[in-house]
Every structure is written in structure tokens, then in C-alpha cells.
Amino acid sequence: MKRSLVSTLAAALFGAAALAGIATSPAVAQEAPQAEEKAAAKAKTPTFEGTVALSNCSGSVVKLKGSKDTDKALVLSNGHCLQEGMPGAGEVVVNKKTSRDFTLLKADGSDAGKIHSDKIAYATMTDTDISLYEVTSTYKDIKKKFGIDALKLDPQHPRQGRAITVVSGYWKETFGCAVDGFAYRLKEGEWTWKDSIRYTMDCQTKGGTSGSPVVDNKTGKVVGVNNTHNEDNEKCTLNNPCEVDKKGNVTVRHLNAYGQQTYLITPCFGKGNKLDLDNPRCVLPKP
């Protein structure tokens, strides 16, 4: 996977050694086709409201289950999208000072304005591929100044068969498909991810879509963050992730795209949107 088309070599991902950290949740059984069709008919295609464009990636302003309007807002993207460079296998970044601007988008994809972050609350490419920036504005500030609501992060495991949309703030483009299934392990380069979301082939993502929120069309909530796809039909190399099952069997799915689940984030942030990796329910990798 690539951060942007202009940074081809610097933005790919995942790796060779399986690393411990995130507990894998069992995939939820696919809903009955008839029920899914009815749900899809009622579902609305997500807009760009609350998404952001980074210099090299996409992202979104997200609100957790316990977040309050007066809390400093969080911006979700990929760990490999950090300006400081991609974290190595086993590396975890916590509460690191930074300076980064994000272009906030309106529902129609037009620019609403800029928001700023001076801290990376959490970032890693171990077991998952996420970054969470704490911005200097509260959710209330953003709503008052721009009229923009944050996207809600779903605290539940995503469901197989559900219609989803990858919403790219970088390209101001959406990619619609469904959750095809879950990869027990996804390897690319030196990195390994757990329980990754595999999309159906309708979502042909590209460089710059990294960090885009993966939105469940039925609930409107974020269930994942887009991060990679197999470009060249290679096995486990940069920009060519491979799947590894529990028995160690390797599968290459040419042109398949993937995202990382985000429900695991919720237990790791406590009151005031503050990182709390000591919470017993938090299974994100620790420094």
C-alpha cells in the first residue's frame, strides 16, 4: 500500500514476522442474503463530512463511544502515514510532539478549512496500522467553526457481508464494496497485521487512500481504516500483502484491498479522550 502516488517507494507495507499484541476476534457470520438486501436498500452512501486530507494520505475526525463534545478531537489515519516515517516492526509511538495540519472536508467534498495537531497520541504498524492525532480543537470547536460533525467509531467488530465505503479525503473520492472476510494474518514487507478486513473486489483503492475511514453503510460508523492492496501479484512484499492462515498457509489475492479494524481503539482511550494503554480491555500493542 502507498501513502500517495508520488511517494511510491516510501509508502508500502507489511511484513514477515508475526508479532503478538492484538487479540483476534472471530468473524461474525454473514447475514442472510435477503436481510442484507433490505439493509442495503435502506443504507445511505457516506458523505465526505468529517474526513480529512493529509499531505500524503487520507483520514477522518473520529469520536469514540465515551468522547464528549468538550474533548480534544482525534484524527484517525494509518501508522505508515506519519511525517516522521513509517514505524518499524515492533515500534509503538505514544504521545509524541508533532506539528501537522489537516484539511477538513464538507459533505460534498469541498474544503471546510484547516485543523491542527501538535501531538501523535498513538501510532503503530505492529499488529495493525493506525495513527491517532490529538488536535488542538475540541469537537465543539470544530462544529461551531466549520459546521462539521465527527464520524463515530463503531466499538463492535465489523460484520462479514456488510456494504462498506472507503472515503478518501486525499482524492475526494469514494470506493464502494462489501466486507468479503477477514485475514487471520496479513503480511507485507517487515510488518504483520491481525484480523484484517478483506474487501470485495469492487474497492480498487490506490495510493493516497491510505488512512481513509472504512464506513459501514448501514450504521454510518467507522469500522476500519484503509491501508493496503496487492498490486503486482507478489507474495508478502511491499505493496503486495499476502494472507497467512492459522496453519501457516499463504494466499496471494492479486488486486485485493484491505483495511484494519478500529473497534480495538475504543477501550484504549479513557476520560477526556486520553490514551490509556493500561486498561485491561486494551489490547493494542504497547511501547
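Criteria and thresholds
Residues numbered from 1 in each chain as written. Predicted model: local features only at pLDDT ≥ 70, side-chain atom pairs only at ≥ 80, totals over all residues. Heavy atoms only, no water. Helix = DSSP H or I, 4+ residues; strand = E, 2+ residues; numbered from the N terminus. Buried < 20%, exposed > 50% of the residue type's maximum accessible area, 1.4 Å probe, protein only. Contact = heavy atoms within 4.5 Å. Phe/Tyr/Trp six-rings, centres within 6.5 Å; stacked < 30°, edge-to-face > 60°. Pairing = 2+ DSSP bridges. Core = buried A, V, L, I, M, F, W, Y, C linked by side-chain atoms within 4.5 Å. Salt bridge = Lys/Arg side-chain N within 4 Å of Asp/Glu carboxyl O. Disulfide = S-S within 2.5 Å.

A. Summary view of the overall build of the protein chain. When you go through the protein chain residue by residue, the secondary structure sums to two helices and 15 strands. Expressed as a percentage of its 287 residues, the buried residues of the protein chain come to 55%. Contacts in the protein chain between residues at least 24 apart in sequence constitute 70% of all its contacts with a sequence separation of at least 6.

B. Focus on the packing of aromatic side chains. Using the criterion set out here, one finds two aromatic pairs in the structure. Seen from their ring centres, Phe 102 and Tyr 133 are 5.2 Å apart, and the 70° between their planes marks the pair as edge-to-face. One end of the pair, Phe 102, is in strand β4 (residues 92-105); the other, Tyr 133, is in strand β6 (residues 130-138), and 31 residues separate them in sequence. Overall, the relative accessible area of 1% leaves Tyr 133 in the buried class. Here the aromatic rings of Tyr 170 and Trp 171 are separated by 5.3 Å at their centres, their planes lie at 80°, and the arrangement is edge-to-face.

C. The pairing of strand β10 (residues 191-199), seen in detail. Of all nine residues in β10, nine are buried, a share of seventy percent or more. Where strand β9 (residues 173-188) folds back onto β10 in an antiparallel hairpin, the turn is made up of two residues, including Gly 189, whose phi is positive at roughly 60°. Pairing of β10 with strand β15 (residues 257-261) involves two bridges; the strand directions are antiparallel. By the bridge assignment, Arg 198 is partnered in β15 with Tyr 258.

D. Quick peek at the nonpolar core. In terms of nonpolar packing, the biggest core is built from 45 residues, with Val 61, Leu 76 and Ile 115 touching the most fellow members. Put simply, the parts of the chain that give this core at least two residues each are β2 (58-63), β3 (72-77), β4, β5 (111-124), β6, α2 (139-146) and β12 (222-229). Contacts of Leu 76, omitting those with residues within four sequence positions, involve Gly 59, Ser 60, Val 62, Ile 130, Ser 131, Leu 132, Leu 153, Gly 211, Val 222, Val 225, Thr 262 and Ile 265. By size, the runner-up hydrophobic cluster in this structure holds twelve residues, among which are Ile 164, Val 166, Phe 175 and Phe 182.

E. Fine view of the pattern of salt bridges. Scanning the entire structure with this criterion turns up eleven salt bridges. The salt bridge partner of Lys 194 is Asp 127, with a shortest N-O separation of 4.0 Å. With a gap of 67 residues between them, Lys 194 in strand β10 and Asp 127 in the loop between β5 and β6 connect regions that are remote in the sequence. Overall, the relative accessible area of 0% leaves Asp 127 in the buried class. In this structure, the salt-bridge partner of Arg 198 is Glu 243, at a minimum N-O distance of 2.7 Å. Here Arg 198, found in strand β10, pairs with Glu 243, found in strand β13 (residues 242-244); they are 45 residues apart in sequence, far enough to count as distant. Glu 243 carries the same exposure label as Arg 198, and that label is buried.

F. Broad picture of unusual backbone geometry. Positive phi, close to 75°, is recorded for Leu 255, a residue that is not glycine. Tracing the sequence through the fold places Leu 255 in the loop between β14 (250-251) and β15. One non-glycine residue, Asn 273, lies in the positive phi region at around 60°. Within the secondary structure layout, Asn 273 lies in the segment after β15. Asn 273 sits in the buried class, given a relative accessible area of 3%.

G. Expanded view of the state of the cysteines. Counted by the stated rule, this structure contains four disulfides. Bridging Cys 177 to Cys 203, the disulfide has an S-S length of 2.1 Å. Measuring handedness by torsion sign, the sulfur bridge of Cys 177 and Cys 203 sits at about -90° and is left-handed. Placement of the pair is Cys 177 in strand β9 and Cys 203 in the loop between β10 and β11 (213-216), with a sequence separation of 26 residues. With respect to burial, Cys 177 and Cys 203 carry one shared label: buried. For Cys 236, the disulfide goes to Cys 242, at an S-S distance of 1.9 Å. Between Cys 236 and Cys 242, the S-S torsion sits near 95°, and that sign places the bridge as right-handed. Relative accessible area serves as the criterion here: at 0%, Cys 242 is assigned to the buried category. If you count the bonded cysteines of the protein chain from the N-terminus, they pair up as 1-2, 3-4, 5-6, 7-8.

H. The environment of Gly 66, seen in detail. If you trace the backbone, Gly 66 turns up in the loop between β2 and β3. Taking the C-alpha atoms as reference points, Gly 66 and Asn 273, separated by 207 residues in sequence, lie 7.7 Å from one another.

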